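Listed below, chain by chain, are the residues.
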Amino acid sequence: MQYIVNPAREEWAEILKRPVFEQKDLESRVQPIIEAVKQEGDKALKEFSIKFDQVELEDLRVKASEIEEAIAEVPESLKRAIALARKNIETFHRSQKEEIQIVETQPGIRCWRKSVAISKVGLYIPGGTAPLFSTILMLGVPAAIAGCKEVVLCTPPGKSGKVNPAILYTAHLLGIHSIFKVGGAQAVAAMAYGTESIPQVYKIFGPGNQYVTMAKQLIGKEGVAIDMPAGPSEVAVVIDESANAGFVAADLLSQAEHGIDSQVLLVGNSKERIVEVEQEVEKQVAELPREEIARAAIANSKSIYLEEEDAIIDLINEYAPEHLILSVKNDEEMAEKIFNAGSVFLGHLTPESVGDYASGTNHTLPTNGFAKAYSGVSLDSFVKKITFQKLTEEGIKNLGPAVEEMAEAEELVAHKRAVSIRLESLKS
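About the thresholds
Residues numbered from 1 in each chain as written. Predicted model: local features only at pLDDT ≥ 70, side-chain atom pairs only at ≥ 80, totals over all residues. Heavy atoms only, no water. Pairing = 2+ DSSP bridges. Helix = DSSP H or I, 4+ residues; strand = E, 2+ residues; numbered from the N terminus. Axes fitted to C-alpha atoms, helices over the stretch in contact; angles between N-to-C directions. Contact = heavy atoms within 4.5 Å. Core = buried A, V, L, I, M, F, W, Y, C linked by side-chain atoms within 4.5 Å. Buried < 20%, exposed > 50% of the residue type's maximum accessible area, 1.4 Å probe, protein only. Phe/Tyr/Trp six-rings, centres within 6.5 Å; stacked < 30°, edge-to-face > 60°. Lys NZ or Arg CZ within 6 Å of the ring centre and 35° of its normal.

Participant: Just to check I follow, could you spell out the sheet that holds strand E10 (residues 263-268) for this structure?
Facilitator: Two strands in a sheet stick together by hydrogen bonds in their backbones, pointing the same way (parallel) or opposite ways (antiparallel). Strand order in this open sheet of six strands is E1-E11-E10-E9-E12-E13, and the pairing throughout is parallel. Strand pairing shows two members of the sheet lacking a second neighbour, strand E1 (2-5) and strand E13 (343-346), which therefore form its edges. In this sheet, adjacent strand axes meet at a mean angle of 15 degrees when their direction is disregarded. With respect to the sheet, helix H11 (residues 271-285) is in contact with E1, strand E9 (234-239), E10 and strand E11 (302-305), its orientation differing from that of E11 by roughly 165 degrees. Packed onto the sheet, helix H13 (residues 309-319) meets E9, E10, E11 and strand E12 (323-327) and runs at close to 165 degrees relative to E10.

Participant: Help me understand the sheet that holds strand E3 (residues 109-117), please; the structure alone is not making it clear to me.
Facilitator: As summarised here, the arrangement of the three strands in space is E2-E3-E14, forming an open sheet in which the pairing is antiparallel. Two strands close off the open sheet at either side, each with one partner strand: strand E2 (103-106) and strand E14 (383-391). With strand direction ignored, the average angle separating the axes of adjacent strands in the sheet is 30 degrees. For E2 and E3, the ladder comprises three bridges, and the chain directions are antiparallel. Note on E3: the bridge partner recorded for Val 103 is Cys 111. Contacting E2, E3 and E14, helix H16 (residues 393-409) runs over the sheet at an angle of about 95 degrees to E14.

Participant: Where do I start with the nonpolar core in this structure?
Facilitator: In a soluble, globular protein the nonpolar side chains are often hidden away together inside. Of all hydrophobic cores here, the largest spans 41 residues; its most connected members are Val 121, Leu 123, Ile 136, Cys 148, Ile 176, Ile 179 and Phe 382. Going through the elements one at a time, helix H4 (64-73), helix H5 (76-94), strand E4 (120-124), helix H6 (133-146), strand E5 (150-155) and helix H7 (165-173) are the ones with two or more residues in this core. The element that contributes the greatest number of residues to this core is H6, accounting for nine residues. Excluding residues within four positions of it along the chain, Cys 148 makes contact with Ala 117, Ile 118, Ser 119, Val 121, Ala 143 and Phe 382. Leu 60, Val 188, Ile 198 and Ile 204 belong to the second largest nonpolar core, which has 33 residues in total.

Participant: Sorry if this is basic, but what is going on with the packing of aromatic side chains here?
Facilitator: For any pair of aromatic rings, geometry is given as the distance between the ring centres together with the angle between the planes. The tally for this structure, following the rule as stated, stands at four aromatic pairs. Considering the side-chain rings of Phe 370 and Tyr 374, the 5.7 Å spacing of their centres and the 90 degrees angle between planes classify their relative orientation as edge-to-face. One cation-aromatic arrangement involves Lys 38 over Tyr 193; the distance from NZ or CZ to the ring centre is 4.8 Å. In this structure, Lys 271 is placed above the aromatic ring of Tyr 305, and the distance from its NZ or CZ to the ring centre is 4.9 Å.

So, in structure tokens, the structure goes:
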């Protein structure tokens, strides 16, 4: 990790840059994939499977027999862990349901808002170097609570042509049966526009690499909704002298092992503890099965010493991390000052891993600084909110003259007449 001491504020923007492709270069790679899927449908998807996944597929859809086989393969201990995670995620997301509240803005005028499920949604589940079956829980559970009628799931197959058993088991557990062996930008395009096999959806969810994120942004320009630009994973960890170096190193590596384009950021006001963390990182990374990936991510990452706590908080809010761990003694006090982050983990005993899997919060979060304007996935992500209003005779009489006045001032005569004609009818 690059070690930086007390950087000047004018240097922060450069220091905090994420390791990403140039947008134009990335777009030029992804746009042809999208166009091919739009024009050629399943044929393009199968060709991309050969090119990117090194597997030739006859059928893109996962068969019922494959799901049954997967259910039998998943160990009972993992099934119990998934059940626990599902329970916590359901509990947290069910609490987000809103009751309809009818508001009388003035006598005779009632207004209310109702949440209505998005009827067709698509879930993208990464399955390349790491089969993220936990993401199915994070997306499928709120989709079910919201009442989405059709859920389509795309995930890349392995070189055997099969989907990871835990992915199929978790999807089955949540009642998701439209599962397709398609990954990458081509999966996003397939769900956005539909193919002979894959239904078109109205909104696409799920994290992915930079190609998936770019595909989501491009189809968003054409009117297909997306959850957010959720790209390569990242974590920022803030430490002080109370931090446990071994814990912090494990937290940093838990993000670094996601992929070579992941980024970790260590920020602290204790030089001694920063050195200890870096030593622990070197020790622990050598023990990881995904050591090569983690080392590549660490090489793109930074540790920053800042003497003043206020400066640390300002730097974190400027970075706007996807995940933020506050491994400090005054964690709750510091958390109150954070306004740009996807999800915050407080104290020495709260690893980011619990949010990734089973605490109940959602792990589909804004990356690349988008936490400045986007929230993570929640129940709200799967619903539309429709407003309603109803006026009585008293209501139109009370409100009508003001609307007439405003419509006339905007020179919208028909708007005024729509009110005037009703008021005239009530005089007779």
